[in-house]
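Inside the fold
What follows is each chain in one-letter form.
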Amino acid sequence: MIVIKKEHGLTLIEVLLVISILVILVSMGFLGMRRLLHEAEKSVCMTERRSLQQSDTLANHESTISFEEILISTGAQCPSGGFYYLGNDHQILCSIHSEIENEEVPYLKR
Ligand SMILES: [Zn+2]
């Protein structure tokens, strides 16, 4: 009499396949979370700069407080670690999140 032994469980290849699929899914989720985090930090930075812009505009009307004093007193800072500075036309820019508009690209000059 032949006894057929049923094996339960997964083979090594099946386990490796499941693990590799899980690794791919987790890495995709991690990249998505990083992108969302970056967008959130950019949004917070823009809100901080708008608030600073309003304070700076008010201070310029009164001509009493400098931009640096406003920056220190409000404690505003970029969530990504960038620093704020005054650009042209008293526009508050971030070293990380601001794209400087109307800047000529040297290699496109004629
Ligand atoms: Zn920023």
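Described below are features of the structure shown in this document. Along each chain, the written sequence defines residue order, and numbers are assigned to residues from 1. At least 70 in pLDDT is required for a residue's local features to be given in this predicted model, at least 80 for side-chain atom pairs to be given and counted, and no such filter applies to totals for whole chains, interfaces and linings, which use all residues.

Digging into the overall build of the protein
When its secondary structure is counted, the protein shows two helices and two strands. Strands are runs of DSSP state E lasting at least two residues, helices are runs of H or I lasting at least four, and both sets are numbered from the N terminus onward. The helix and strand sequence of the protein, counted from the amino end, reads α-α-β-β. What the globule rule says is 2.2 Å times the number of residues to the power 0.38, and the radius of gyration is computed from C-alpha atoms. The globule rule puts the C-alpha radius of gyration for 110 residues at 13 Å, and the 27 Å found for the protein is more than 25% above it. Counting only C-alpha atoms, the protein reaches 100 × 45 × 15 Å along its principal axes. Here a residue counts as buried when 20 or more other C-beta atoms sit within 10 Å of its C-beta, as exposed when there are 12 or fewer, and as partly exposed otherwise, the C-beta atoms being derived from the backbone. Of all 110 residues assigned to the protein, the portion counted as buried reaches 9%. For the protein, contacts bridging at least 24 residues in sequence account for 45% of all contacts bridging at least 6. A residue pair is marked as a contact if its C-beta atoms, positioned from the backbone, fall within 7 Å.

Regarding the nonpolar core
One broad rule of soluble globular proteins: the nonpolar side chains tend to lie buried together. Defined on buried residues, the nonpolar core groups Ala, Val, Leu, Ile, Met, Phe, Trp, Tyr and Cys residues joined through C-beta atoms within 7 Å. Cys45, Cys78, Tyr84, Ile92 and Cys94 together form the largest nonpolar core, which totals five residues. Non-local contacts of Tyr84, meaning those with residues more than four positions away in its chain, are made with Arg49, Leu52, Leu71, Ala76, Cys78, Ile92, Leu93 and Cys94.

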